[in-house]
Structures are given as C-alpha cells and as structure tokens.
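For reference, the chains in residue letters:
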Amino acid sequence: MEELQPHIKLKKGDLHRYIIYPGDPARVRLIAKFFDDPKQIQFNREYLTINGSYKGVPISAISSGMGCPSTLIGIEEMKHIGAETIIRIGTCGSLKNNILTGDIVIPSAAIKEDGMMYEQTITLKNPVKPDQQVFNALIESAKKFDIEPKTGTNRTHD
C-alpha cells in the first residue's frame with residue numbers, strides 16, 4: 001500500500017498532475033463547478049481535495065488553509081505523491097497604487113519572508129521564480145480574455 005501523506009491524507013494516484021491550489025475550502029467547491037466530473041476524494045483539516053477534468057484534462061483542486069506553513073506542508077506532500085504543476089490562486093494585498101482590487105496578479109518571482117524560509121537563501125537578491133513555461137501560459141491565458149495581468153516580484157510572509 002502506498003504511503004498516505006499525514007496532512008492531506010492522500011497517496012500516489014489520488015491526485016492528478018495539475019493542481020489548482022486556493023486557500024479556502026469553499027473556493028475548491030467553486031472551482032469544482034467548472035469541472036466536467038467533480039468528485040470529492042478527501043477532506044482533512046484545511047485540505048479539501050476534489051478531482052475532475054476541465055476540457056478533457058484531468059485536474060485536482062485542493063485547499064491550503066491560511067498562511068505559509070500550511071501552504072508549504074500541502075505542496076511538499078503533493079510533490080511526494082506525484083503532483084507536477086501547482087498553481088496557487090487566491091487573494092493578496094498590495095503596496096502599489098496601480099494594483100487595484102480585482103486585478104489579476106501573476107508573480108514573476110516571490111520573496112519568501114515567512115517563518116518556514118528563514119533558514120533558506122531566498123532573499124531580495126535571490127527570489128523564487130516560477131516555471132517559465134507555466135508563467136508564460138498564465139500570461140497568455142489572461143490575454144485571451146482581454147485581461148492585462150500585473151506582474152513583478154511579490155512578497156510572502158506570515
């Protein structure tokens with residue numbers, strides 16, 4: 001039997017390769033309304049998981065709860081069981097006057113200043129960058145809907 005991940009309570013084969021990763025479990029239920037064949041497969045702690053497909057592509061949606069620690073725990077456990085592309089979606093604040101409520105933000109890099117990362121070398125000089133192919137696909141997709149996304153470096157913190 002495959003090893004069950006302790007927090008998300010999933011094992012290899014339970015998730016699809018592509019993951020949409022909001023914080024709030026209620027958002028997973030909203031996302032699943034767009035799936036062709038949604039099926040809830042697990043709900044443990046803050047991690048609600050619904051599998052389905054969108055336009056024939058198998059996809060999973062799983063919630064992370066609030067904050068960097070639970071988000072990182074979920075990512076690590078998903079990676080252990082085969083997740084390949086995880087797209088974190090949700091809300092954020094901004095310190096820039098040109099980013100307004102409702103704007104779409106697609107970060108080109110992230111400075112992680114949360115408690116989970118203090119021992120790592122992710123700083124202003126060395127931010128984390130997304131997979132370039134995924135980043136480009138997100139930008140291209142937004143533009144297909146006449147959305148001009150905001151890009152640049154964001155900052156995460158507890």
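Residues numbered from 1 in each chain as written. Predicted model: local features only at pLDDT ≥ 70, side-chain atom pairs only at ≥ 80, totals over all residues. Heavy atoms only, no water.

Undergrad: Please provide a residue-by-residue account of the pairing of strand β4 (residues 57-62), values included.
TA: The sheet contact formed by strand β1 (residues 18-21) and β4 spans 2 bridges and is parallel. When the sheet's bridge partners are listed, Ile20 is paired in β4 with Ala61. Bridge count between strand β3 (residues 47-54) and β4: 6 bridges; the pairing is antiparallel. Residue Gly52 lies in a different strand from β4, and its bridge partner there is Ile59. (Pairing = 2+ DSSP bridges. Helix = DSSP H or I, 4+ residues; strand = E, 2+ residues; numbered from the N terminus.)

Undergrad: Which residues make up a nonpolar patch on the surface, and what values do they have?
TA: Together, Ile104, Phe145 and Ile147 make up an exposed nonpolar region whose accessible area comes to about 290 Å². On the secondary structure map, Ile147 appears in the loop between α3 (132-144) and β7 (150-157). (Patch = residues over 30% accessible without salt bridge, like charges linked within 9 Å, V, L, I, M, F, W, Y side chains within 5 Å. Areas by Shrake-Rupley, 256 points an atom, 1.4 Å probe, with all protein chains shown as cover. Salt bridge = Lys/Arg side-chain N within 4 Å of Asp/Glu carboxyl O.)

Undergrad: Provide a residue-level description of the nonpolar core, including the pertinent values.
TA: In terms of nonpolar packing, the biggest core is built from 10 residues, these being Ile8, Leu10, Leu15, Ile19, Tyr21, Tyr47, Ile62, Met78, Ile81 and Ala83. Once you skip the residues sitting within four places of it in the chain, Ala83 turns out to touch His16, Arg17, Ile19 and Met78. Of all hydrophobic cores here, the second largest spans 9 residues; its members include Ile31, Phe35, Ile50 and Ala61. (Core = buried A, V, L, I, M, F, W, Y, C linked by side-chain atoms within 4.5 Å. Buried < 20%, exposed > 50% of the residue type's maximum accessible area, 1.4 Å probe, protein only. Contact = heavy atoms within 4.5 Å.)

Undergrad: How would you explain the sheet that holds β3 if you had to name every residue and give the values?
TA: Across the sheet, which stays open at both edges, the 5 strands sit in the order β2-β3-β4-β1-β5 with mixed pairing between neighbours. Either end of the sheet is taken by a strand with one partner, and the two such strands are β2 (39-44) and β5 (85-88). Going from strand to strand, the sheet's axes swing by 20° on average, the running direction of each strand aside. Along the sheet face, helix α2 (residues 68-80) touches β1, β3, β4 and β5 and points at about 170° away from the line of β1. (Axes fitted to C-alpha atoms, helices over the stretch in contact; angles between N-to-C directions.)

Undergrad: Mind laying out α3, listing which residues take part and the relevant values?
TA: With 13 residues, α3 should reach 18 Å at 1.5 Å per residue; the first-to-last C-alpha distance of 18 Å fits that figure. You can read the cap of α3 off the contacts: a side-chain oxygen lies 3.0 Å from the backbone nitrogen of Gln133, and it is on Asp131. Just downstream of α3, Asp146 is the residue with a positive phi angle, here 55°. (Expected span 1.5 Å × (residues − 1). Polar contact = N/O pair within 3.5 Å; in protein donor to acceptor, adjacent residues only side chain to side chain.)

Undergrad: Explain helix α1 (residues 25-32) to me, using residue names and the numbers behind them.
TA: A turn of α-helix holds 3.6 residues, and therefore any two residues three or four places apart point the same way. Burial in α1 covers these residues: Val28, Ile31 and Ala32. In an axial view of α1, the angular spread of the buried residues amounts to 100°, which keeps them on one side of the axis. Among the residues of α1, the N-terminal cap falls to Asp24, whose side-chain oxygen and the backbone nitrogen of Ala26 are separated by 2.8 Å. (Arc of directions from axis to C-beta.)

Undergrad: Break down unusual backbone geometry for me, with residues and values.
TA: The backbone of Lys9 sits at a positive phi, close to 55°, despite the residue not being glycine. Tracing the sequence through the fold places Lys9 in the segment before β1. Owing to a relative accessible area of 30%, Lys9 belongs among the partly exposed residues under this scheme. Positive phi, close to 50°, is recorded for Lys55, a residue that is not glycine. Position of Lys55 relative to the elements: it lies in the loop between β3 and β4.

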